[in-house]
Each structure stands twice: as structure tokens, then as C-alpha cells.
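# A closer look at the structure
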Amino acid sequence: MNHDLDKLPEIYERYPRTPQSLIAVLQDIQKEFHFLPTEALKRTAEELNVPLSKVFSVSTFYNAFSLHPRGEKIIRVCVGTTCHIRGAKQIQEQLENHLKIKAGETTEDKKFTLEVVACVGACAMAPVVAVDETYHGGVTVASCRKLVKKSKKGKKS
Amino acid sequence: MVSLTINGRVVQANKGEMLLSVTRREGIDIPALCHHDAVEPFGACRLCMVEITKAEWDGWTNYVAACLYPVEDGLIVQTHSSKVNELRRTVLDLLLARCPNSPEIRQLAAEYGVTQTAYEEIPDADNCILCGLCTRVCERLGFKAISTVGRGHDKVVAPPLKEAPPDCVGCLSCAQVCPTNVIQYEDEGNKRTIWNKSFELIACKECGKQTITRDFAEALSSQRNIPEDYFELCDECHRRELSVKMGSIVSWSREAAS
Ligand code: SF4
Ligand code: SF4
Ligand code: FES
């Protein structure tokens, strides 16, 4: 896999080189590469003077971090109680079929990762599907396919 | 000094001391799986729960982890009241579901009358109770080679990247403190393997017995300023050497005196 680790030094420049910067640095790495490459974890441990075990512990603790490549866009289907009642399951299945992956997986072209989350705190708009930071409410089986199409286009422009 | 009552007996304790260290000194047996004197109390296993009250509490009681509760003047403690035992049984019931094959947990649970868990046993249980003793001890020693990985349901103790841990020196401290003996290692000839990492064991220059790993010796001598050749002898041969030295000093001083 080709991830440009040359970008790392610039990320380290953004924060004080102290253990306290660990999460901020990992967040930036995650954003840059869409996951945390092994080599980046090792470099981060050295740069911030944090034991590698701690870096690994933190990177496996938070859901925001991933050790495996994720898609450019993360589609999260809320399956919390309210969304569940309003058909989240069908929406999840629809998206799984459409993207040809299961929840938790990434499409082969690395464009999308599909995830399910247990409540995004927007029950009034249920059922909710979030594409990265954008929350879409009142999603239907028909409209969720369009969402995928739209965000594909959004990427290009 | 602080004065408190434990199981009806008045006992003295030092200010700032935790309840568990007082009950231990008094010879009271309280299960405490996540506690070790070498590291700070952690409060992970909840087996050391005891009942506390005070005269002015008007009959109200509270339940606290003895390993984490500093002694107070006038505290009245029950270490094995029926409510306390019930709490421990609940914890043991859960632990038994988590570690159905651990002889240590089975035995402790049986002492409290729990022989069969009411919960569903975990399939492929690894017997780790996530007490954190191994990671804390390793950290305390300054190696910080292992940590907890993941969270919630999937949390385990593991080396970074689940590969042979680069910072491990093979001291075995983690394996030795583990209350359920989960951490496997193997000593074979002059080779030790733990966490999938192999180490060379130093053989005593005098008697040939294996002592500690080369990595541990190097770490100790640089961290604590111990001469490196110190580890070329085993403890026994060190003692022998010392006694010979002492002997010669004694005979030398006798000669000098006569
Ligand atoms: S054997 Fe390795 S992991 Fe275990 S306490 Fe020693 S250094 Fe840490
Ligand atoms: S491996 Fe042993 S010492 Fe480490 S957390 Fe699990 S039970 Fe505790
Ligand atoms: S010994 Fe107190 S909680 Fe484990």
C-alpha cells in the first residue's frame, strides 16, 4: 500500500512533542491516511516519547481510530432505538447491498466504509445516516442510494 | 494514628493507609485479585468490597473497595457481613462466567459457595480478568512493554501491534503477578520465550545455573547503575562469594589483633 509517510513530520510540527499531544496527532494521521499505518504508530511513539504499548492502547480504544484502511468517506447508519423503530435495519441492508459490503467493511475502491452506530443523538430526524460529518434525517430505502451517489459526485467536484 | 473498628475489634492504623493493608495486618482474609503491594491500588476486581459505617451515620452503611479506601477515625468496618458476602458472590459469579476454566477463580468462588455461574460462560475464555496487574507492574518497572488493547467486550492485554513487544526484557514479572496464571512463558536451556519473544538466559559463571535474561541484565545495569558483570553470577554464588570474602576479613582482623 502506498501511503505517503513523508507527511508525518508536518503533522508532528503542529503540536508540542509531548505525550499529551498523542490523541491530537493520531487524529491528524487518521484524517490524512484514513487509518493509522503501523509505521506511523511507531514513529509517533518515538516523536512524542510515548511507549509504543500506550500508542497502541489508545489507537485501539477510540472508535475514531482505525488500524485498517478505511474509505475516503465513512457512512454511518444509526441503529439506535428510534432509528431502529423507523427502519434502520432496512436502510442498513439496502446500503450493504448497494455498496456490496457488510457493515464494518470498506469498498474495494476504498471510497466508502459502512458502519453502524448506536445513536448519533439526532432521534428527532430518525432514521439518520451520517456521511462523514453531514447528518441526513428522514432517510428512506430509496433515498439512501441517492445519498451514496451524491457523495461520490461531491468528492469529484 | 487513626483508630477504627474492624469486625468488632478496635485497631490502630496509620493515617493515609488503605483499609486493605490494615485488614491484612490484622490477619483478616479478604480476596483482592487486582492488588499488589508493588503498584498503586487500582480497584478493578471489586472483590475487596467491605461494609463501612460510622456512629453518626444513623445506621446507614456504605460499601467500598478496601484497597482504595483510606482509613478514617471512628470507622466501623465489617469485612464478611452477609451483604458483603453477597456482593462478593455476585462478582465471583461474573468472574466464573468469564473464566470458567481457571482453577484459581473456581476455588475462590467455591469458598464463597459459588460452584456454577448463573450467567452464560464465555466461549474460548482466556481466563484473564483484566485486573491490569501485569501492565501496571511492567510499567512500574519502567518497561511499559504491554498494555490493554481495545475496549469493552473486546479488551485484552497484549503487546503493541500484537507482535513480539520491542520493550519487553523477559523479566517474567507480568507472569508472576497474574492472579489467574494466564501469561505463558517457557524456559528451555538458555532460551526463554514470553509474549512470542525469545531471550537469551545468562548462565552463572560459577555453577552454570540460568539466572536472568541478557536484556533484563542490561536494562538493570543501565537503569540502576549496577555493574554489568554483577549478573554473571547467580544469587547463590553471589552469597557464597560474599561469605568467603567476609570469612577472609574476619580471619585477617583476627590475625591483625593477635
Ligand atoms: S516480561 Fe516483558 S512484558 Fe512482562 S513484565 Fe517483564 S518486561 Fe514487561
Ligand atoms: S493477564 Fe493476568 S495480570 Fe494481566 S490483566 Fe489478565 S488476569 Fe490480570
Ligand atoms: S483488590 Fe480492591 S478492587 Fe481489586
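Nothing here was measured: the structure is a model prediction, and the numbers come from that model. (Residues numbered from 1 in each chain as written. Chains lettered and ligands numbered in written order. Predicted model: local features only at pLDDT ≥ 70, side-chain atom pairs only at ≥ 80, totals over all residues. Heavy atoms only, no water.)

### Structural notes on the overall build of chain A
The helix and strand tally for chain A stands at seven helices and four strands. The helix and strand sequence of chain A, counted from the amino end, reads α-α-α-α-β-α-α-β-β-β-α. Considered along the principal axes of its C-alpha atoms, chain A spans approximately 50 × 30 × 25 Å. The buried share of chain A, reckoned over its 157 residues, is 43%. (Helix = DSSP H or I, 4+ residues; strand = E, 2+ residues; numbered from the N terminus. Buried < 20%, exposed > 50% of the residue type's maximum accessible area, 1.4 Å probe, protein only.)

### Describing a negative patch on the surface
Residues B:Asp215, B:Glu218, B:Glu228 and B:Asp229 make up a contiguous surface patch of negative charge. Along the chain, B:Asp229 turns up in the loop between helix H6 (214–223) and helix H7 (235–257). (Patch = residues over 30% accessible without salt bridge, like charges linked within 9 Å, V, L, I, M, F, W, Y side chains within 5 Å. Areas by Shrake-Rupley, 256 points an atom, 1.4 Å probe, with all protein chains shown as cover. Salt bridge = Lys/Arg side-chain N within 4 Å of Asp/Glu carboxyl O. Lys, Arg positive; Asp, Glu negative; His and termini not counted. Charge placed at Lys NZ, Arg CZ, Asp CG, Glu CD.)

### So, the site of ligand 2
In the vicinity of ligand 2, the contacting residues are B:Cys128, B:Ile129, B:Leu130, B:Cys131, B:Gly132, B:Leu133, B:Cys134, B:Val157, B:Cys178, B:Pro179, B:Thr180 and B:Ile183. The residue makeup of the shell around ligand 2, split by class, is 10 nonpolar, two polar and no charged. (Near = heavy atom within 4 Å. Nonpolar A, V, L, I, M, F, W, Y, C, P; charged D, E, K, R; others polar.)

### What to know about the site of ligand 1
Taken together, B:Cys138, B:Phe143, B:Ala145, B:Ile146, B:Cys168, B:Val169, B:Gly170, B:Cys171, B:Leu172, B:Ser173, B:Cys174 and B:Trp195 make up all the residues around ligand 1. Within the shell around ligand 1, the residues separate by chemical class into 10 nonpolar, two polar and no charged.

### Observations regarding the domain arrangement of chain A
What the domain assignment reports for chain A is domain 1 (5–61) and domain 2 (73–152). The distance between the C-alpha centroids of domain 1 of chain A and domain 2 of chain A comes to 29 Å. (Domains from an automatic or database assignment.)

### Looking at the packing of helix H2 (residues 22–33) of chain A against helix H3 (residues 38–48) of chain A
All names here are of chain A. Where H2 meets H3, the closest approach of the two axes is 11 Å, and the angle between their N-to-C directions is 150°. One way to sum up the angle between H2 and H3 is to call them roughly antiparallel. Where H2 crosses over H3, the handedness of that crossing is right-handed. Contacts between H2 and H3 involve Leu 22, Val 25, Leu 26 and Ile 29 on the former and, on the latter, Ala 40, Leu 41, Thr 44 and Leu 48. (Axes fitted to C-alpha atoms, helices over the stretch in contact; angles between N-to-C directions. Parallel < 35°, antiparallel > 145°, perpendicular 65-115°, else oblique. Left-handed = near helix turned anticlockwise from the far one by under 90°. Contact = heavy atoms within 4.5 Å.)

### Description of a nonpolar patch on the surface
There is a patch of nonpolar side chains on the surface, built from B:Leu242, B:Met246, B:Ile249 and B:Trp252 and spanning about 470 Å² of accessible area. Given a relative accessible area of 46%, B:Ile249 falls into the partly exposed group.

### What to know about the pairing of strand E8 (residues 185–188) of chain B
Residues and elements named next belong to chain B. Looking at chain direction, E8 and strand E9 (residues 191–194) are connected through four bridges and run antiparallel. For Glu 188, the partnering residue across the bridge sits in E9 and is Lys 191. From the end of E8 to the start of E9, which pair antiparallel, there are two residues, and Gly 189 there has a positive phi angle of about 60°. (Pairing = 2+ DSSP bridges.)

### Thoughts on H2(A)
Residues and elements named next belong to chain A. When the terminal C-alpha atoms of H2 are compared, their 16 Å separation across 12 residues agrees well with the 16 Å that a helix rising 1.5 Å per residue should span. Among all positions of H2, only Leu 22, Val 25, Leu 26, Asp 28, Ile 29, Gln 30 and Phe 33 are buried. The inward-facing, buried residues of H2 contact helix H1 (8–13), H3 and helix H4 (52–61). (Expected span 1.5 Å × (residues − 1).)

### Description of the side chain of A:Arg70
Relative to the helices and strands, A:Arg70 resides in the loop between H4 and strand E1 (73–78). Setting aside chain neighbours within four positions, we find A:Arg70 in contact with A:Gln30, A:His34, A:Phe35, A:Asn63, A:Ala64, A:Phe65, A:Thr106, A:Lys110, A:Thr113 and A:Glu115.

### Overview of the interface of chain A and chain B
Listed as interface residues are 12 residues of chain A and, on the opposing side, 16 residues of chain B. Of the roughly 1100 Å² buried at the junction of chain A and chain B (both faces included), carbon and sulfur atoms supply 63%. Considering only the surface of chain A that becomes buried against chain B, A:Ser53, A:Phe56 and A:Phe61 emerge as the three largest contributors, covering 44% of it. With a shortest N-O distance of 3.6 Å, A:Lys54 and B:Glu139 are connected by a salt bridge. At the boundary of chain A and chain B, one finds five residue pairs in polar contact (both at pLDDT 80 or more). Those elements that place two or more of their residues in the side of chain A that touches chain B are H3 and H4 of chain A. By residue number, the principal contributor to the side of chain A that touches chain B is H4(A), which donates seven residues. Classifying every residue of the side of chain A that touches chain B by side-chain character gives five nonpolar, five polar and two charged. (Buried area = accessible area lost by both parts, 1.4 Å probe. Polar contact = N/O pair within 3.5 Å; in protein donor to acceptor, adjacent residues only side chain to side chain.)

### Some words on the packing of aromatic side chains
Taken as a whole, this structure holds four aromatic pairs over all chains when the rule is applied. Aromatic side chains A:Tyr62 and A:Phe65 sit 6.1 Å apart centroid to centroid with 90° between the ring planes, which places their arrangement in the edge-to-face category. Here B:Tyr230 and B:Phe231 contribute two aromatic rings whose centre-to-centre distance is 5.4 Å and whose plane-to-plane angle is 85°, an arrangement assigned as edge-to-face. You can call B:Tyr230 partly exposed: its relative accessible area is 39%. A cation sits over an aromatic face here: B:Lys83 above B:Tyr63, 5.3 Å from the ring centre. (Phe/Tyr/Trp six-rings, centres within 6.5 Å; stacked < 30°, edge-to-face > 60°. Lys NZ or Arg CZ within 6 Å of the ring centre and 35° of its normal.)

### Remarks on the sheet that holds strand E2 (residues 9–13) of chain B
Residues and elements named next belong to chain B. Spatially, five strands are ordered E2-E1-E5-E3-E4 in an open sheet, and the strand pairing comes out mixed. Pairing within the sheet leaves two strands with one partner each, and these edge strands are E2 and strand E4 (62–65). Across this sheet, the average inter-strand angle for adjacent strands is 35°, counted without regard to direction. Looking at chain direction, strand E3 (residues 49–53) and strand E5 (residues 76–78) are connected through three bridges and run antiparallel.

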